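For reference, the chains in residue letters:
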Amino acid sequence: MDDFGVYVVLGVNDAPLKLLCANGSAQFSVAVPQSSQQVVLFSRGRWGDRVCVNAELNDADRVPITIGKLTPYNRCLTWEQWEEESWTEGVMLTVSLEGGHLAKGDMMNLDLTLSMKEYTPESAVAPPPVREGKRKRGQTGEDDEEENRGKENTCPIDVVSSFSEKSTPLRKVRGQSRGGQTRLFLQSEGQEGAALTPQNTPPPRGKGRPTKTPTTQTAPLVNPSGRWGQSLCPIDPQTAILIGGQGSRMQFCKDPMWKLCTEDMSWVPAETLAEGPTPEARIGHTATYDPDSKRIFVFGGSKNKKWFNDVHILDTQSWKWSTVEAQGKVPPLAYHSCSMFRGELFVLGGVFPRPHPEPDGCSDSLYIFDPHLSIWYQPIVTGDKPAPRSGHSACVTQGKIYVFGGWDTPLCFNDMYMLDLGLMEFSSVQTNGSPPSPRSWHGCVLLSDSTFVVHGGYNGNQALNDTFTFNTDTNTWTELVHPQLSVPRAGHSIITMALANQNLSFEDDGKERNSDRNPKTLLVFGGGDNEGNFYSDLTTLTVAELLDQN
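Computed from a prediction, not measured in an experiment: that's the story for all the values here. (Residues numbered from 1 in each chain as written. Predicted model: local features only at pLDDT ≥ 70, side-chain atom pairs only at ≥ 80, totals over all residues. Heavy atoms only, no water.)

Student: Can you help me understand the overall build of the chain in this one?
Tutor: In terms of helices and strands, the chain carries two helices and 41 strands. Looking at the 550 residues of the chain, the share that counts as buried comes to 54%. Counting only contacts in the chain whose residues sit at least 6 apart along the sequence, the fraction spanning at least 24 positions is 64%. Surface exposure of the chain reaches about 24,100 Å², of which carbon and sulfur atoms provide 49%. (Helix = DSSP H or I, 4+ residues; strand = E, 2+ residues; numbered from the N terminus. Buried < 20%, exposed > 50% of the residue type's maximum accessible area, 1.4 Å probe, protein only. Contact = heavy atoms within 4.5 Å. Areas by Shrake-Rupley, 256 points an atom, 1.4 Å probe, with all protein chains shown as cover.)

Student: Help me understand the packing of aromatic side chains, please; the structure alone is not making it clear to me.
Tutor: To describe a pair of aromatic rings, you give the distance between the ring centres and the angle between the ring planes. All chains considered together, the criterion is met by 19 aromatic pairs. Here F369 and W376 contribute two aromatic rings whose centre-to-centre distance is 5.0 Å and whose plane-to-plane angle is 45°, an arrangement assigned as tilted. With a relative accessible area of 5%, W376 lands in the buried category. Considering the side-chain rings of W407 and W441, the 5.4 Å spacing of their centres and the 50° angle between planes classify their relative orientation as tilted. Placement of the pair is W407 in strand β30 (residues 407-408) and W441 in the loop between β33 (425-428) and β34 (443-448), with a sequence separation of 34 residues. What makes W407 buried here is its relative accessible area of 0%. Of the residues examined, W441 reaches a relative accessible area of 7% and is grouped as buried. In textbook terms, an aromatic cluster arises when at least three aromatic residues are bridged by ring pairs, as seen for Y402, F404, F452, F468, F470 and W477. Above the ring of F308, the side-chain terminus of R282 is found at 4.0 Å from the ring centroid. Directly above the ring of F413 sits R389, whose terminal nitrogen or CZ lies 4.2 Å from the centroid. (Phe/Tyr/Trp six-rings, centres within 6.5 Å; stacked < 30°, edge-to-face > 60°. Lys NZ or Arg CZ within 6 Å of the ring centre and 35° of its normal.)

Student: Honestly, the sheet that holds strand β39 (residues 521-525) in this entry has me stumped. Any pointers?
Tutor: Strand pairing in a sheet takes place through backbone hydrogen bonds and is either antiparallel or parallel in direction. Across the sheet, which stays open at both edges, the three strands sit in the order β38-β39-β41 with antiparallel pairing between neighbours. The sheet is open, and its two borders are formed by β38 (493-497) and β41 (538-542), each paired with just one other strand. Between one strand axis and the next, the sheet turns through 20° on average, direction left out of account. As judged from the five bridges shared by β38 and β39, these two strands associate in the antiparallel manner. (Pairing = 2+ DSSP bridges. Axes fitted to C-alpha atoms, helices over the stretch in contact; angles between N-to-C directions.)

Student: In this structure, what is going on with the nonpolar core? I would like to understand it.
Tutor: Taken as a class, soluble globular proteins show a tendency for nonpolar side chains to be buried jointly. The biggest cluster of nonpolar side chains holds 23 residues, and the ones touching the most others in it are L19, L20, L41, V53, W79, L93 and V95. The set of elements that each furnish at least two residues to this core consists of β1 (5-9), β2 (17-21), β3 (27-31), β4 (38-44), β5 (50-58), β6 (64-70), β7 (76-80) and β8 (92-99). When near neighbours in sequence (up to four residues on either side) are disregarded, V95 contacts L19, L20, A26, Q27, F28, L41, V53, N54 and A55. Membership of the second largest hydrophobic core comes to 15 residues, among which are A281, V351, A490 and F534. (Core = buried A, V, L, I, M, F, W, Y, C linked by side-chain atoms within 4.5 Å.)

Student: Please clarify how the sheet that holds β1 should be interpreted in this entry.
Tutor: Spatially, four strands are ordered β2-β1-β4-β7 in an open sheet, and the strand pairing comes out antiparallel. The open sheet has two edge strands, β2 and β7, and neither has a second partner. Neighbour-to-neighbour, the strand axes of the sheet open up by a mean angle of 15°, direction not taken into account. Across five bridges, the pairing between β1 and β4 is antiparallel. Looking across to β4, one finds that V6 is bridged to S43.

Student: Explanation requested: the pairing of strand β15 (residues 286-290) in the structure shown.
Tutor: The side chains of a regular strand alternate between both faces of the sheet. Across the five residues that make up β15, a large majority, five, are buried. Every second residue of β15 is oriented toward a common face, with T286, T288 and D290 on one face and A287 and Y289 on the other, all of them buried. The antiparallel pairing of β15 with strand β16 (residues 295-299) creates a hairpin that spans four residues between the two strands, and K294 there sits at a positive phi of about 55°.

Student: Help me out: how do you make sense of the state of the cysteines in this one?
Tutor: As used here, a disulfide is simply a covalent bond connecting the sulfur atoms of two cysteines. A complete count under the given rule lists zero disulfides for this structure. Counting only cysteine sulfurs, C233 is the nearest neighbor of C338, a cysteine outside any disulfide, at a range of 9.9 Å. (Disulfide = S-S within 2.5 Å.)

Student: Where do I start with the pattern of salt bridges in this structure?
Tutor: Pairs can form between side chains of opposite charge whenever their charged atoms are close. This structure, assessed with the given rule, holds eleven salt bridges. With a shortest N-O distance of 3.9 Å, R46 and D3 are connected by a salt bridge. Taken together, the residues span a long stretch of sequence, with R46 in the loop between β4 and β5 and D3 in the segment before β1 at a distance of 43 residues. In this structure, K254 and E56 form a salt bridge, with 2.3 Å as the shortest nitrogen-oxygen distance. One end of the pair, K254, is in the loop between β12 (239-243) and β13 (257-261); the other, E56, is in strand β5, and 198 residues separate them in sequence. Relative accessible area serves as the criterion here: at 12%, E56 is assigned to the buried category. Overlapping salt bridges bring together E280, K303 and K306 as one network. (Salt bridge = Lys/Arg side-chain N within 4 Å of Asp/Glu carboxyl O.)

Student: Would you mind showing me how to read the side chain of N530 here?
Tutor: With respect to the helices and strands, N530 occurs in the loop between β39 and β40 (534-535). For N530, a relative accessible area of 3% puts it in the buried group. Only 3.0 Å separates the side chain of N530 from the backbone oxygen of N461, close enough to count as a polar contact. (Polar contact = N/O pair within 3.5 Å; in protein donor to acceptor, adjacent residues only side chain to side chain.)

Student: What's the story with the side chain of T71 in this structure? I'm lost.
Tutor: Looking at the secondary structure, you find T71 in the loop between β6 and β7. Look at T71 and you get buried, because its relative accessible area is 2%. Apart from residues no more than four positions distant in its own chain, T71 is found in contact with W47, V51, C52 and T272.

Bear in mind that shape data such as this cannot, by itself, settle questions of function.
As structure tokens, then:
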């Protein structure tokens, strides 16, 4: 007997309300009473071949407030009113099932209004407890301008600007007077910001709130939605994992996790592939792969007014998520850098929250996480360390971490610092050639043991499309021009992979000959252009093309 069901509890004195059952509709909507302070959604019974249950809280204008997803491994979600600033009268909860054999019928959108049922029913039972460790995933609309005053170092995309698109305020570079807050991607009024590629970007739409088509059954996504602030983490020559991100109207992506298969450059939704509690929706986090333990470490990030200092681990062999109960102290951080060196995570800089009305601050501290002991500690570091910053990049090569760029309102940087991991000593790098202009949220990745590339970013006024390489042997910048890297973007992901379908040269013993010269491919994904567009395209080019210009 199929006893599967999805239930919601809308108040502490209310009995669970059954929304979906084995023989019912695959979609259902219910009104959330304005007096409700918490919504608890959970499943009961055997899932069988059902994939997931999508849940969405919408306001009176059908604009999503927050979203979530039940899976066979995450069977409970909870939302609280204080977490969602736009939770007002007219909120609707809609749930829909993917997979399984529910009677889908014509997918009628059945709205059940419960405004008259705010009394305690005679058969009321206490709501089921939320299972510890299960995480909800959410998204919200824009914060009010008043609430964001003084938050100088929050991510600019979280700030509602009073300027029009044509008068985006400039962020000042080092040495200029302190200016106003800017936002990373200014959303034109009326733009929906759908997943775009640079080739099919539509012209701006007219003013007014876009209408929302009644919910119907749609085909599964075959590619990630457009986003910025995500992480893309290669785990082997065939696979990279995409985690998190934020798209149009500052809404967190409903498809937060994907697996990229490089054999045919295809995407596979990966949220339901792994067991255990997945990380809550976020941007500005880092995802770092340890090739020895074959695990991905997700740290930090932010979601609306939440800041994270949690560590989530994805074991790529067992495909299980776990959370770390770490010892030691590390502040909540977002837009930091995280580098793996000899099995430890080196976290530098980032934005951290400070109590209102103080503006949020940038960090100049270095924190190290030891996964073997599950402990955070701060090393003793000497030398000339970089100024506080966030949105910078960090590359590890030859026992050193090279730190470039970033911002700390109102300053935007283009300086270079190096941390010697043997001496634990910082030093300012005196570079040759013409350096990149000041920027943050750029892409940066190693091309070889002595060369890394910097692409795009944001300078306080616009997204950038220029490309530079830096040679660590000669400390020289070189500007490159490549037609596939001509689209302005910031908050994007850049990785390199030695793709499995490339012909590698092997010695008789089976080992790769001269691994540093093995053919590699550069992959660029996502980001935004500060014009309201968020990309979902995947650009590929060989690393040799870039090194030949160096």
